[in-house]
Structures are given as structure tokens and as C-alpha cells.
Amino acid sequence: DSGVTQTPKHLITATGQRVTLRCSPRSGDLSVYWYQQSLDQGLQFLIQYYNGEERAKGNILERFSAQQFPDLHSELNLSSLELGDSALYFCASSDDRYTEAFFGQGTRLTVV
Amino acid sequence: AQSVTQLDSQVPVFEEAPVELRCNYSSSVSVYLFWYVQYPNQGLQLLLKYLSGSTLVKGINGFEAEFNKSQTSFHLRKPSVHISDTAEYFCAVSDQRNTDKLIFGTGTRLQVFP
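Residues numbered from 1 in each chain as written. Chains lettered and ligands numbered in written order. Predicted model: local features only at pLDDT ≥ 70, side-chain atom pairs only at ≥ 80, totals over all residues. Heavy atoms only, no water.

**Concerning the pattern of salt bridges**
Working step 1: Under the defined criterion, the tally for this structure stands at 9 salt bridges over all chains.
Working step 2: The network of salt bridges with shared partners includes Arg63, Glu82 and Asp85 of chain A. (Salt bridge = Lys/Arg side-chain N within 4 Å of Asp/Glu carboxyl O.)

**Concerning the state of the cysteines**
Residue and element names in this part refer to chain B.
Working step 1: Using the criterion set out here, one finds 2 disulfides over all chains in the structure.
Working step 2: Each sulfur of the disulfide joining Cys23 and Cys91 lies 2.0 Å from the other. Sign of the S-S torsion, about -65° for the bond between Cys23 and Cys91, identifies this disulfide as left-handed. With Cys23 in the loop between strand S3 (19-21) and strand S4 (24-26) and Cys91 in strand S10 (residues 87-95), the pair connects residues that are 68 residues apart, well separated along the chain. (Disulfide = S-S within 2.5 Å. Helix = DSSP H or I, 4+ residues; strand = E, 2+ residues; numbered from the N terminus.)

**Some details on the environment of Phe69 of chain A**
Working step 1: As for its position among the elements, Phe69 of chain A is in the loop between strand S7 (64-68) and strand S8 (74-78).
Working step 2: Relative accessible area serves as the criterion here: at 24%, Phe69 of chain A is assigned to the partly exposed category. (Buried < 20%, exposed > 50% of the residue type's maximum accessible area, 1.4 Å probe, protein only.)

**A closer look at the interface of chain B and chain A**
Working step 1: Opposite the 16 residues of chain B that make contact, chain A presents 18 residues.
Working step 2: Buried area between chain B and chain A, both sides added, is near 1,500 Å², and the carbon and sulfur share of it is 53%.
Working step 3: In this assembly, chain B and chain A are joined by 1 salt bridge.
Working step 4: In this assembly, chain B and chain A are joined by 4 residue pairs in polar contact (both at pLDDT 80 or more).
Working step 5: In terms of residue count, strand S11 (residues 98-104) of chain B provides more of the side of chain B that touches chain A than any other element does, 5 residues in total. (Contact = heavy atoms within 4.5 Å. Buried area = accessible area lost by both parts, 1.4 Å probe. Polar contact = N/O pair within 3.5 Å; in protein donor to acceptor, adjacent residues only side chain to side chain.)

**Notes on the environment of Cys91 of chain A**
Working step 1: Checked against the element boundaries, Cys91 of chain A lands in strand S9 (residues 87-94).
Working step 2: Residue class for Cys91 of chain A comes out buried when judged on its relative accessible area of 0%.

**Let's talk about the sheet that holds strand S3 (residues 19-24) of chain A**
Residues and elements named next belong to chain A.
Working step 1: Read from one edge to the other, the open sheet built from 4 strands follows the order S1-S3-S8-S7, with strand pairing classed as antiparallel. On the outer flanks of this sheet lie strand S1 (5-7) and S7, each paired with one strand and no other. Geometrically, the sheet is characterised by an average inter-axis angle of 15° between neighbouring strands, direction not taken into account.
Working step 2: In this sheet, S3 lies alongside S1 in antiparallel orientation, the contact comprising 3 bridges. The residue bridging Gln6 from the neighbouring strand is Cys23, located in S3. (Pairing = 2+ DSSP bridges. Axes fitted to C-alpha atoms, helices over the stretch in contact; angles between N-to-C directions.)

Nothing here speaks to function; it is geometry throughout.
Here it is as C-alpha cells:
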């Protein structure tokens, strides 16, 4: 158990809809990262938050957004969903030294 | 910017045989290097990491990796694999001065046969 909790584990939704994925980092970790894993794109970095502030941005679509709350949990919002958004979405957290990222079990999103 | 190349998308091997999973990186600055493993239907788990010091790094489950700066490589090795090592293995790199994100390779699927 990495200490990073993601909910829900599975999500099935229709095209055009909006979903929210939730992540609780390890106790004490201020950084939260979001990754998307798909068969054709591999593991892609989406975005990082540090103590509530956006820190780094990767290949995140404009239809996607994220935030980190004062209690350090994070949410990834995906809107106007397309079939191609079907993927595993991972959250990871790390401490201030950034020398290791701990991953959650992922949320499998299926868009039908 | 950093990038990671995992040269083999799949590596089939028989149980108890040695294995090497190759990883090369590209970076103009000093880096930290990582190997993660992903078992079926699970998240990523850290196998080992190179931050500084000895270039030979030992990790969990009998894996080790060697950092070669001149060849910009960080190959993963195990002298004798088990069926339970069947998984996807990811090499990753981060910039030592700006460790905001890990850049992952495309992964190598290790398939161990009895």
C-alpha cells in the first residue's frame, strides 16, 4: 500500500459527460501529480500541484483541469469526454525532496 | 528537456534465466533515475532509484541497475527471474534542479515463462 488513495477505481460514462477523479496523497506529502496511461500514448504526465498551487503542466488537454485543496487532496476534472479519453488515470505524491513518487492504484475511465 | 527511451517493448524470458531491461535517457543536466514496476491491474511501485553516489543501485525483489553517465544508460538487471516478475517495467528520469515531474519511458513488458 503506497498510502495514496484514488477514487473511484472504475468509472464508465458517456461521451460529452464530465467526471471528477479524486486523489488523497500520502500523509505529509505536499506534491500531487496526475498521469494518464493509455495503450497508444503510454504514461503521460498531466499536471503537478504543490501545496495548493499549480507547479508544472504536461500534456493536459484544455478540457481537463485539476486543483489541490487546503487539506491537500486533489481532483482531476475531465469534461466533454471523448472515446479517446478512456485510460487509466494515476495520481502520485511526493515529499519536498521530490526524490520518489508514490502512486495510487489508478482510476480506470471508460468512455462509451 | 529530458527524454527516456526503453529499447525493448517486450522481453520474453524463461524462469531462472538472467534478464536485462534497457533504458537510455537524454538530458543536458544532471538527473535522478528510477525504475518502476506495474503488475497487472495495479499502480506503479518503485523498484529502485539512482540519486547520487555508487553507480550500482540495488532495489527490491533482487533487481539492480547501473548508472552509466558516459552512455546515458540505466539498465535494469536480475540474475534469475521468477514467474512473479512478469509485469511492465518503466524507466523514468527527473531533472535534479527541477524535479517537478517524472518523465517516463514507454515501458517494457517482461514475460517470464516456466
